[in-house]
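Examination of the molecular architecture
Here's the letter readout for the chains.
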Protein chains: 2
Amino acid sequence: MNKSYWIWHFGDYEIYHFMKLHSRRQEFGADYPAFWPTFTPYVTIKLNKHVETNEGYLIARANGFGYIHVDNVRYPTDVKIPLSAGKHFLSAVISNPGGLPALYIESDVCTSDGSWECNHNAGKFTPAAFNKHFDSVDKKPDIFPFSYKEIFPVNKLKTKDGVLYDFGKETFGYLNIKHQSKEKLSVYYGESYEEATDTKNTLIFEHIEGKNEYKLRTRALRYAYIIGANENTEVSLDYEYIPYEYKGSFKCNEPLFEKIYNTCAYTFHLNCREGFLDGIKRDRWVWSGDAYQSARINTYLFADPEIVKRTAVGLAGRLPVECHLNTIIDYTLLWIIGLYEFYMTYGDKEFLNRIYPMIDAYIKFTENRLNKDGLLEGIEGDWTFIDWSKIDKEGAVCAEQMLLCAAYKKLDEIDNILEIKGHAYDKKAEALLHKINHYYWDAEKGAFIDSFTSGKKNVTRHANIFALMYDLATQQQTESIFQNVLFNDEITKITTPYFEGYELDVLAKFGYFEKLEDMLYNYWGKMLELGATTIWEEFDPTKNDAEHYEMYNSRYGKSLCHAWGAGPIYLFGRYYLGVYPTKAGYQTFNVEPKCGGLTEFEGTVPVNGGIVTVKYKDNKVTVFSTVEGGTLIFGGKKVPVTAYKEISL
Amino acid sequence: MNKSYWIWHFGDYEIYHFMKLHSRRQEFGADYPAFWPTFTPYVTIKLNKHVETNEGYLIARANGFGYIHVDNVRYPTDVKIPLSAGKHFLSAVISNPGGLPALYIESDVCTSDGSWECNHNAGKFTPAAFNKHFDSVDKKPDIFPFSYKEIFPVNKLKTKDGVLYDFGKETFGYLNIKHQSKEKLSVYYGESYEEATDTKNTLIFEHIEGKNEYKLRTRALRYAYIIGANENTEVSLDYEYIPYEYKGSFKCNEPLFEKIYNTCAYTFHLNCREGFLDGIKRDRWVWSGDAYQSARINTYLFADPEIVKRTAVGLAGRLPVECHLNTIIDYTLLWIIGLYEFYMTYGDKEFLNRIYPMIDAYIKFTENRLNKDGLLEGIEGDWTFIDWSKIDKEGAVCAEQMLLCAAYKKLDEIDNILEIKGHAYDKKAEALLHKINHYYWDAEKGAFIDSFTSGKKNVTRHANIFALMYDLATQQQTESIFQNVLFNDEITKITTPYFEGYELDVLAKFGYFEKLEDMLYNYWGKMLELGATTIWEEFDPTKNDAEHYEMYNSRYGKSLCHAWGAGPIYLFGRYYLGVYPTKAGYQTFNVEPKCGGLTEFEGTVPVNGGIVTVKYKDNKVTVFSTVEGGTLIFGGKKVPVTAYKEISL
């Protein structure tokens, strides 16, 4: 007999945990729920299955409450129901207002799993959702299956008012405090020393009293400054994390790059939770654009499809679609593009099929925003983000058209995969690209301008980078863009690792490794030089000391552990090690290493459940793969990579 | 300064309380949530207001958690925020996963009320909803504002195993039990003596132990049989109710009719709660068709618009519309018709406007069900209820077309009221009526048949009654229907007071009071003769003793306190006292009494915030109204009714 799992309505698990995630933020003592709509699981679900069993029993367990019909006779939950040998129809209704309704079948002759069908007392029946973590009656799906490890401060500093605890590096979890008196303690969390001790400006703090032992809320921190604590106060942290295996790795002759890779990996790990978080201190929200880049990083580090799916489903929420993801136009489009990339990485057609109704709803919603020129333009409440740079955002913005065009191309691919007809997304992509060139290509500047509405003809890197990333520029345009934009110091530099990730992707894609490595030295490298134990949300090398921590008009507003800073993981895996799929799910893939300025490197990339190891030394490449389907491309040669057989070129 | 109220998103209050209501049912020890989709309030809402104040302070209180921006500076809830004299922009975000997010402003210079605007972080801002009950920080809107009164059994009967407590009549509330030991007690609830004591078949029971004092869940009962109780066990009930004023009344020379009126009034009162319940024992759910009739009864008894609105909003739930109300086709249509009748009764155009998006969604959903003949036909999952009678329900059913046609006529009126153009519902009604006559009018039988698909040409009363109720039959058809259907004993009799209410409405409308009074004697009268203290869900005079309590294949499955039994309230008010609106909200109304077989009667009808008193004695009618706008029609004469001036004819 198979195993029993808790089962629920597709989407409810992700929506439930995102509901909690997106309403958990606190700042300056205030609760600060997300400013986009928060979705809820269905209150009541119905779960059916036709089974044929031996003689035995079953007990229906509910996360929530409800009943089960066995052959149309109703039974309460938690009672032992005898089953005769033969065919039976099981039909349960579970309700859980405010929670996550789910069913678990305890039985010696049948199970609860994905072979059940489920609806919400309306809608089509679809296969019940489940998750391998929730495989016993006690492991309920409303508790997210994190792991825990108790860790201790590596340093304590007694001050006049209390004690500053230093955990040595950025971390995350529940602070445990044992204190001899029940007097008030004030806990100030800091990703930096300054943030923890500048208590008038600390972003996250709490005041506690009345007990001798406390387990506080989960927080991000390196430092905890506890006013009221003394030498005898005991402090530890239950580090909360997903126990990922680091499948990707990278070592090379440049120690700084290795350190960047490892710091990026740790930064990223901390942010991989219910979904891809942006950063673990401030919002701890899931932002679709950030998540898009995180999914690419994940491909080269953990290769975990589950977190990508959770993120996609939790973000999408429920119909009707009433606003862009996180309210941001570009983030809806990146969500769509990301779903195609997900399919290419993991080859999971079933998931693509399940989420297609939401894809359809979001692109329809987006198309309803097309203006009279047929261009995508925000209306009130829509946020044209692109990046924290000065971009001319008047009227329809070029970068959004680039993303829409890219999304159309991916939608066409998705329709082909799922054999859906009639959308003609390829034609839409073509027509839009024609408009983009007409409205935004400035021959004089040799670049795409931000917007034509204002008449300013302002050029930033962003739309031009998207054009190169998604193959929307001709060869001539491409050369012109490098010349006039990317290699042009007069065009404002990118300040966020988010867009820097895209810029480096494009530099690597077109072989400009020198520029890329400059950025690794001067941007990521400089952060590490300043003592960063994780990568920051934004970095401006011209600033000094605690100035670095300022953002959003708040002295410590910046996140010092931001997932979008981990882009180098992707760069090293995708371009140096050079591994990428050529058919969905890495059924076939290329290994096309590029050495850039390195003389020696070695690393692994997770591929289709296996691992590819790539070594470069003395101008020679050696590849070892645990799966079939690879092709090594190096030095103008192309040879197949057979599983478990080392190959060199 | 105005009063402050708790404020929330329109719909959330009703949806929250209906969510609880529709998942609270228990039966035979099992939780039994409703089998239609249950909706949830929005998790997070945003509330804005521009104010101009004197110098003072404000404190934002949350039902849930969140923050308030005052002039774009963020503050936590529960802190005193100073306000300078002048203009301010207040903007709060409140979150409450699983609950009802709401805001209350405590201030010496400003308030929270319907002048705030609200959305759910998406959607248009609309005026915040509030309710006069929730006018202080302690009165939170997630506690429904019922009143309570402790009542005691009027009789106790010691048995070998325990004690049977009789509260003398049907009632509802929390049972309080004080018992000297902590041993197990088993509580069996009965609307009848038999139900409480036939413990193997009792529908609702609970087993309790471990305490000396209990306050149990709210239940309906007349009898509580407590196994394990003894002479010293103390039992009382916290009767839970809405403290309605009985504005309608009726007395006459036939004592039985008075008793029927008063029993109906009590039955109805017990069922008027968060919304119009069907019955207080079994499901305690809100069914749209039952609620339609309840709204008509309410018009003549409590004239409370709030419960009608709560019912309409709570039933409608949230977009997208995925199934018929309560899954029943006819119930969606009666909900629409009922909204027009609500407007005629209370003249509340603003509410009609607020709920119009849901009206629009439900009629569109319904029109998507039209078959190739343009007739309304259920698809899988749709329930063609009409009534618990043997109706030929193959293919498109006549009664549903009648209701759709009536709904189109009301929709046309609603569009006129709200000045909405383009739907041409009048044309749709006309076209559908043409089809109804073509497909369903059987000239030979002189009646509308149930269905034409089966070829059986079966005639029941139902579709024919709807034709007469909603003026869809010609004069000739009307006469033929009375002859061939309503006065034809070969056509199966109606067995539910639900449809009996409609039949009597039609009899009275066309002046057949003798038949109507026969029914009062033989149906309602007979129930009272059998000791009913409230009106039953269904009644078949040919049954004996406890057979009466059987329904739905369950020995005590029948509800003995069913709102749809209270139809006589409407009949007496609408036809005997003869009061009905001729302009929305009784701005003008007729008083057109009919004596039927009575020689003397007297009663009151609530009208537009006032009362009309009608007396009939010695063939003379005397009317007294506390509001203007009336016209007395009697004995072929028509005279205006002036407020506070008695008039006789």
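Residues numbered from 1 in each chain as written. Chains lettered and ligands numbered in written order. Predicted model: local features only at pLDDT ≥ 70, side-chain atom pairs only at ≥ 80, totals over all residues. Heavy atoms only, no water.

Scanning chain A from N- to C-terminus turns up 14 helices and 29 strands. Its C-alpha atoms give chain A a radius of gyration of 26 Å, near enough to 26 Å, the size a compact globule of 649 residues would have. Residues classed as buried in chain A amount to 62% of the 649 residues present. Of the contacts formed within chain A by residues at least 6 apart in sequence, a portion of 71% connects residues at least 24 apart. Accessible area of chain A: about 25400 Å², with a carbon and sulfur share of 48%. Where the 72 positive side-chain charges of chain A centre and where its 87 negative ones centre are 3 Å apart. (Helix = DSSP H or I, 4+ residues; strand = E, 2+ residues; numbered from the N terminus. Rg over C-alpha atoms; globule rule 2.2 N^0.38 Å. Buried < 20%, exposed > 50% of the residue type's maximum accessible area, 1.4 Å probe, protein only. Contact = heavy atoms within 4.5 Å. Areas by Shrake-Rupley, 256 points an atom, 1.4 Å probe, with all protein chains shown as cover. Lys, Arg positive; Asp, Glu negative; His and termini not counted. Charge placed at Lys NZ, Arg CZ, Asp CG, Glu CD.)

Turning to the sheet that holds strand S24 (residues 600-607) of chain B, a few remarks are in order. All names here are of chain B. Judged by pairing direction, the sheet is antiparallel, and its five strands sit side by side in the order S19-S24-S25-S26-S29 without closing on themselves. What marks the edges here is a single partner per strand, and that holds for strand S19 (249-252) and strand S29 (647-648). Note that S19 and S24 share four bridges and pair antiparallel. Opposite Lys251, over in S24, you have Glu602 as the bridge partner. (Pairing = 2+ DSSP bridges.)

With an RMSD of 0.1 Å, the operation that places chain B on chain A is a rotation of 180 degrees combined with a shift of 0.0 Å along the axis. Put plainly, the chains are arranged around a two-fold axis. Across chain B, the rotation axis passes nearest the C-alpha of Gly98(B), at a separation of 1.7 Å. Both copies present the same face, since 100% of the interface residues in chain B are matched by interface residues at the equivalent positions in chain A. (Least-squares fit on C-alpha atoms with pLDDT ≥ 70 in both.)

Sheet strands pair by backbone hydrogen bonding; their relative direction is either parallel or antiparallel. Residues and elements named next belong to chain B. In space, the four strands of this open sheet follow the order S22-S23-S27-S28, with mixed pairing throughout. Edge positions in the open sheet fall to strand S22 (579-581) and strand S28 (637-641), since each of these has one partner strand only. In this sheet, adjacent strand axes meet at a mean angle of 25 degrees when their direction is disregarded. Examined bridge by bridge, S22 and strand S23 (residues 589-591) share three bridges and lie antiparallel to one another. Paired with Pro581 across the two strands is Phe589, which belongs to S23. (Axes fitted to C-alpha atoms, helices over the stretch in contact; angles between N-to-C directions.)

As a further point, take the interface of chain B and chain A. Chain B puts 35 residues into the contact, and the matching count from chain A is 35 residues. For the pair chain B and chain A, the interface holds two salt bridges. Between Arg74(B) and Glu27(A) there is a salt bridge; the shortest N-O distance is 2.7 Å. Applying the counting criterion to the chain B and chain A interface returns 13 residue pairs in polar contact (both at pLDDT 80 or more). Only strand S2 (30-31), strand S5 (65-70), strand S6 (73-76) and strand S8 (86-95) of chain B provide two or more residues apiece to the side of chain B that touches chain A. For the side of chain B that touches chain A, a count of residues per class yields 21 nonpolar, 10 polar and four charged. (Salt bridge = Lys/Arg side-chain N within 4 Å of Asp/Glu carboxyl O. Polar contact = N/O pair within 3.5 Å; in protein donor to acceptor, adjacent residues only side chain to side chain. Nonpolar A, V, L, I, M, F, W, Y, C, P; charged D, E, K, R; others polar.)

Time to look at the pairing of strand S17 (residues 213-227) of chain A. All names here are of chain A. Summarising burial for S17: 11 of the 15 residues are buried, a large majority. The pairing of strand S14 (residues 162-178) with S17 spans 12 bridges and is classified as antiparallel. Within S17, the position partnered with Tyr165 by the bridge is Ala224. Note that strand S15 (residues 185-190) and S17 share five bridges and pair antiparallel. Following the sheet pairing, Tyr189 is matched in S17 by Ala224.

Here we come to the layout of surface pockets. Residue and element names in this part refer to chain B. Put simply, the second largest pocket is a space of about 910 Å³. In terms of lining residues, the second largest pocket is bounded by 34 residues, among which Arg296, Glu341, Lys410, Tyr570 and Arg574 are the most central. Mapped onto the lining of the second largest pocket, the elements with two or more residues apiece are helix H4 (288-301), helix H6 (329-346), helix H8 (398-418), helix H12 (497-509), helix H14 (567-576) and S22. Per-element tally for the lining of the second largest pocket: the top contributor is H6, with seven residues. Here the lining of the second largest pocket is composed, by residue class, of 17 nonpolar, four polar and 13 charged. (1 Å grid on protein atoms, 1.4 Å probe; cavity = no way out; pocket = protein on both sides within 12 Å on 5 of 7 lines; lining within 4 Å. Points joined across faces, edges and corners; volume = space filled by probe spheres on them.)

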